[in-house]
Amino acid sequence: MLAFFETLAHLFQPRHSNAHRPKVLHPEAFAFYLVLLIWAAGVMAWLPKIAPGLPQVLGFSSAITTEQVIDQTNQARRSQGLEPLVINDLLTAAAVSKGADMLDKQYWAHISPSGKQPWEFMAEVGYYYRVAGENLARDFSNTPDMIQAWLNSPTHRANLLNNRYSEIGVAVINGKLGDYETTVVVQMFGTPKIEGSNSEILTDDITAVASQSATEVSQAVSGTSSTVDISSLKPAILASAVLPVSQLNRSQPVLSPKLIFEALSISAVILILSALICDWIWVSHLARSERLVGENLAHILYLLTIAGLIACYRNGLIF
Amino acid sequence: MSIKLHYLKPVIFRYLSLVLGLAGLAAIFWFLWPNRLALRLVSLVLGVFYVLWGTVVHLKSGRVSLRVVAEYLGVALLGSLMLWLVI
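Everything numeric in this text was worked out from a predicted model, so none of it was measured.

## Topic: the overall build of chain B
Okay, step 1: When helices and strands are counted, chain B shows 3 helices and 0 strands.
Okay, step 2: When its helices and strands are written in sequence order, chain B yields α-α-α.
Okay, step 3: Long-range contacts, defined as pairs at least 24 residues apart, comprise 60% of the intrachain contacts of chain B with a sequence gap of at least 6.
Okay, step 4: For chain B, the accessible surface area stands at approximately 5000 Å², while carbon and sulfur atoms represent 79% of it.

## Observations concerning the side chain of Lys116 of chain A
All names here are of chain A.
Okay, step 1: Position of Lys116 among the secondary structure elements: in the loop between helix 5 (89-105) and helix 6 (118-124).
Okay, step 2: Reaching out from Lys116, the side chain makes a polar contact with the side chain of Glu124 at a distance of 3.0 Å.
Okay, step 3: Other than its neighbours up to four places away in sequence, Lys116 contacts His110, Ile111, Phe121 and Glu124.

## A few points about the interface of chain A and chain B
Okay, step 1: Residue-level contacts link 44 residues of chain A with 40 residues of chain B.
Okay, step 2: Across the chain A to chain B interface the summed buried area is about 3900 Å²; carbon plus sulfur atoms make up 71%.
Okay, step 3: The interface formed by chain A and chain B includes 3 salt bridges.
Okay, step 4: At the junction of chain A with chain B, the criterion picks out 13 residue pairs in polar contact (both at pLDDT 80 or more).
Okay, step 5: For the side of chain A that touches chain B, the secondary structure elements donating two or more residues are helix 2 (27-50), strand 4 (180-192), helix 11 (257-286) and helix 12 (296-313) of chain A.
Okay, step 6: It is helix 12 of chain A that contributes the most residues to the side of chain A that touches chain B, 12 residues altogether.
Okay, step 7: In the side of chain A that touches chain B, the residues fall into 26 nonpolar, 8 polar and 10 charged.

## A closer look at the environment of Ala123 of chain A
Residues and elements named next belong to chain A.
Okay, step 1: By the secondary structure assignment, Ala123 is in helix 6.
Okay, step 2: Using a relative accessible area of 36% as the deciding quantity, one classes Ala123 as partly exposed.
Okay, step 3: Sequence spacing of Ala123 and Leu90 is 33 residues, and the spatial spacing of their C-alpha atoms is 9.4 Å.

## A look at the pattern of salt bridges
If the charged atoms of two oppositely charged side chains come close together, the side chains can form a pair.
Okay, step 1: Per the stated rule, a full pass over the model turns up 8 salt bridges over all chains.
Okay, step 2: The partner of Lys105 of chain A in a salt bridge is Asp101 of chain A, and the shortest N-O contact between them spans 3.4 Å. Highlighted residues: Lys105 of chain A and Asp101 of chain A, both in helix 5, separated by 4 residues, approximately one helical turn.
Okay, step 3: Linking Glu295 of chain A and Arg14 of chain B is a salt bridge whose minimum nitrogen-to-oxygen distance equals 3.0 Å. A residue pair is termed interchain when its members come from two chains, as with Glu295 of chain A in the loop between helix 11 and helix 12 and Arg14 of chain B in helix 1 (residues 2-32).

## Considering the nonpolar core
Grouped burial of nonpolar side chains is what soluble globular proteins tend to show.
Okay, step 1: Among the nonpolar cores identified, the biggest contains 50 residues, and Tyr302 of chain A together with Tyr50 and Met82 of chain B are the most heavily contacted of them.
Okay, step 2: Examining the composition of this core, we find that 10 residues originate from one element, helix 3 (residues 66-86) of chain B, more than from any other.
Okay, step 3: With near-sequence residues (within four places) excluded, Tyr50 of chain B lies in contact with Glu295, Ala298, His299 and Tyr302 of chain A together with Leu18, Tyr72, Val75 and Ala76 of chain B.

## So, helix 2 (residues 36-61) of chain B
Okay, step 1: Between its first and last C-alpha atoms helix 2 of chain B spans 38 Å; for 26 residues at 1.5 Å apiece the expected length is 38 Å, and the two agree.
Okay, step 2: Downstream of helix 2 of chain B by a residue or two, Gly62 of chain B has a phi angle that is positive, lying close to 70°.

## Digging into the environment of Glu6 of chain A
Residues and elements named next belong to chain A.
Okay, step 1: Take Glu6: it is sitting in helix 1 (residues 2-12).
Okay, step 2: Taking relative accessible area as the criterion, Glu6 reaches 42% and is therefore assigned partly exposed.
Okay, step 3: Looking at Glu6, its side chain comes within polar contact range of the side chain of Arg15, at 3.2 Å.

## Here we look at the confidence of the model for chain A
All names here are of chain A.
Okay, step 1: Overall, the prediction assigns chain A a mean pLDDT of 73, with 70% of residues at 70 or greater.
Okay, step 2: Counting contacts from residues 55-60, a segment whose pLDDT is below 50, to residues more than four positions away or on other chains yields 20 contacts.
Okay, step 3: The low-confidence segment residues 201-254 (pLDDT under 50) makes 85 contacts with residues lying over four places distant or belonging to another chain.

Rules and cut-offs
- Residues numbered from 1 in each chain as written.
- Chains lettered and ligands numbered in written order.
- Predicted model: local features only at pLDDT ≥ 70, side-chain atom pairs only at ≥ 80, totals over all residues.
- Heavy atoms only, no water.
- Helix = DSSP H or I, 4+ residues; strand = E, 2+ residues; numbered from the N terminus.
- Contact = heavy atoms within 4.5 Å.
- Areas by Shrake-Rupley, 256 points an atom, 1.4 Å probe, with all protein chains shown as cover.
- Polar contact = N/O pair within 3.5 Å; in protein donor to acceptor, adjacent residues only side chain to side chain.
- Buried area = accessible area lost by both parts, 1.4 Å probe.
- Salt bridge = Lys/Arg side-chain N within 4 Å of Asp/Glu carboxyl O.
- Nonpolar A, V, L, I, M, F, W, Y, C, P; charged D, E, K, R; others polar.
- Buried < 20%, exposed > 50% of the residue type's maximum accessible area, 1.4 Å probe, protein only.
- Core = buried A, V, L, I, M, F, W, Y, C linked by side-chain atoms within 4.5 Å.
- Expected span 1.5 Å × (residues − 1).
- pLDDT = per-residue confidence, 0-100.

What follows is the structure, given as structure tokens:
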């Protein structure tokens, strides 16, 4: 027991045994943290290759799943006294088709650069609606943040909490949009058409905003657009990027590299900040020792900036 | 009072330069989001800025050694790598 406290003091308290600087703040300790992080990154990059049975655990850049999106959408609806939405395979296929189209033609909008409307994706898969709507999101690392962002936006909230919808289809697709890897989420709502009734689209404010964004993105990645034949979308490509509804209960990503690194980073920052604060208090109030080391306050400011940026990076885009 | 200010002035100046540098780079990071390539470059620049700041500050005060530079390098690399891996 005594040895344990001795070790703890050696690690966190400035004393003779650690040259009056907590051992966790020595350059060798920082080298150890770096090696540990690089090792973890290497393991996570290589594990799916050496253990192909684990791609669902480590193969995703975000922790968003279609099941979570649907569950949390219905949770939000229930909290407002609305009926939960039922998963529709055709709407799901339309959402997958829309997501694949955005990544293939490199745009980020409700309307494609060639003028294709979300409703056309529904029609292509044979979903005939009485009312329909679409929400888009990208770059979110987890589902609750994304759903909250939709709820904070009046137009997306109106879609999410609309009592005229009865069905939902969701696609979560990882791919390259512009110059960087991202996760695109397409959420399609609808109520099937009853014979003799007219179709109606509830997102009438979408068109103007969507056209502008489609132009911007297509300009940024000019020359990449090509035609897409929905029937030619390879199941192998989609299977690695999307969780189809039929597999919702079988293959959930348990962890994502992003979440693991966030956890590792937060732990490392907490450990180092605690040691820095202990050392600062100890040296400035309890002990006067002449030593040649870095400035604690500067390290604290730098690490807090990094922690703040990591925390901010968790937010994504909605459309 | 003036003696205290005389000693505090360089401290305030060097920390002001650090805070402004970090805040400026954080603002650039915010502005460039969500371009991951650009954000990774900013995370590297953050690390380089911190090592340079630490080295210059210690050189000016005449309290520099290889271990001090190694400490700044370690903290900077760790911070940049954490940010890099999360982006």
